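These are the residues of each chain, in order.
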Amino acid sequence: MVPLGVLLTPIIAKKTLSLDDLKGRSFAVDGFNVLHQFLALIRARDGTPLMDSEGRVTSHLVGLAFRTTRLVSDYGMKLVIVFDGRPPELKQREVEKRREAKRKAEEEYREAVSRGDYAKAYSKAVMTGRLTREGLDDTKRLLTLLGIPWVQAPGEGEAQAAYMASRGDVWAANSRDYDSLLFGTPRLLRYLTISGEEWLPSKGRARRLEPELIELEGFLSELGITREQLIDLSILVGTDFNEGIKGIGPKTALKLMRRHGSIEELPEETLAKVPDTYQVIRDIYLDPEITEIYDVETRELDEEGLVGFLCGERSFSPRRVETLVKRMRAASSQRSLTDYIGGGRNA
DNA sequence: ACCCTGTA
DNA sequence: TACAGGGTT
């Protein structure tokens, strides 16, 4: 898989915690991030995604429905799913690179299937996952029927999520990627999953995953840099909008920022390798395209509509959809109880 | 990735 | 109650 987002892992100050620690919290979820994860991994043994009777892919609906309803019912979380809009022009090259990688993976997948090598086929298939327009429309329809709010961002979803978190409309942004920190989210939560493990198809094994909380202010003060310097640092390492400088990883970039303060003040020979688009990239992170018109309130479950959609149109089994309905009803009654007692309010 | 059943 | 392994569409 082509790596997404900024690579900050080696210098990140994270705090691992459990789902129980996050009870009652609200999150702006990076929708494309989770949908791609579901599309990649929810597959039959041979790598075929789940599909309805008409051949429409449903893996992302299965994943999103069962995960979100569980986080909402068992942990009292409030989720708002945020979807990417139009990417900034500078991202185009990155988008094309990913498209190319997918085409290559599709070829290797077909070849592995024809050889009967299903382990290899699966590991290739997970790299072919595509979110289509119909897949996105289905996702929004599902969320609306469940009563879970969603926001269509005008630009980058991570920018929108960061804005919502910095306004206090949600407690944290949730994504695997670090970009929302650059966009200014006060808190980033990684790995908001139920199973606590992630399957690594290329390695054929699972890895333990715990929710990770990164608090921007603490993270920056620990590094001794400002958000502006974190952005400059990321430009040196590489972002969704530029390639990054060969030989400069997060640790070297951090040293450079501490010593010189900003891209402009870098030594001549380093400065020469910085992309001339760096000011545009800074601006994408510091002043992104967002909308202020959104609603994070939970709506009522449309049970009849949900059954009609998932069972009638997308080949879900009634028993499993009943599970979803029960969870949302449980969550709703828990909410009215805490409202009645007068507790449980938080951003 | 999550659900569910069988097993100890 | 914890885990393994097959099923989900």
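The residue count restarts for each chain, going from 1 along the sequence in the order it is written. Working convention: letters from A go to chains and numbers from 1 go to ligands, in the order in which they are written. For this predicted model, a pLDDT threshold of at least 70 governs which residues receive local features, and a threshold of 80 or more governs which side-chain atom pairs are given and counted, while totals over whole chains, interfaces and linings are taken from all residues. Values reported for side chains reflect all heavy atoms of the structure, with hydrogen atoms and water molecules removed beforehand.

A. View of the protein's contact with DNA strand C. Note on terminology: near, applied to a residue and a molecule or strand, indicates that one of the residue's heavy atoms is within 4 Å of it. Taken together, Arg-43, Arg-45, Leu-50, Met-51, Asp-52, Thr-58, Val-62, Arg-314, Ser-315, Phe-316, Ser-317 and Arg-320 are the residues near DNA strand C. Looking at DNA strand C alone, sugar and phosphate atoms form 57% of those within 4 Å of the protein. Any pair of N or O atoms that falls within 3.5 Å is considered a polar contact. Within protein, one atom must be able to donate a hydrogen and the other to accept it, and sequence-neighbouring residues count only if both atoms are side-chain atoms. For DNA strand C, a sugar or linking oxygen lies 2.9 Å from a polar atom in the side chain of Thr-58. For the surface near DNA strand C, the per-class residue count stands at 4 nonpolar, 3 polar and 5 charged. When residue character is reported, Ala, Val, Leu, Ile, Met, Phe, Trp, Tyr, Cys and Pro are called nonpolar, Asp, Glu, Lys and Arg charged, and the others, Gly included, polar.

B. The arrangement of the domain arrangement of chain A in detail. The split into domains, and so the bounds of each, comes from an automatic or database assignment of domains. Taken domain by domain, chain A holds domain 1 (1–223) and domain 2 (224–288). One C-alpha centre belongs to domain 1, the other to domain 2; they are set 26 Å apart. Contacts are residue-level and defined by heavy atoms, with any inter-residue pair within 4.5 Å sufficient. Facing the 27 residues of domain 1 at the interface are 25 residues of domain 2. Summing both sides of the interface, domain 1 and domain 2 together bury roughly 2,100 Å²; the carbon and sulfur share of this comes to 65%. Buried area is understood as the total, over both parts, of accessible area removed when two parts are fitted together, assessed with a 1.4 Å probe. The largest contributions to the domain 1 side of the interface with domain 2 come from Leu-90, Leu-182 and Leu-223, which together make up 31% of the buried area. Note on definitions: salt bridges are taken to be side-chain nitrogens of Lys or Arg within 4 Å of carboxyl oxygens of Asp or Glu. The tally of links between domain 1 and domain 2 comes to 4 salt bridges. Residue Lys-97 pairs with Glu-243 through a salt bridge whose shortest N-O separation is 3.5 Å. Our count for the contact surface shared by domain 1 and domain 2 stands at 10 residue pairs in polar contact (both at pLDDT 80 or more).

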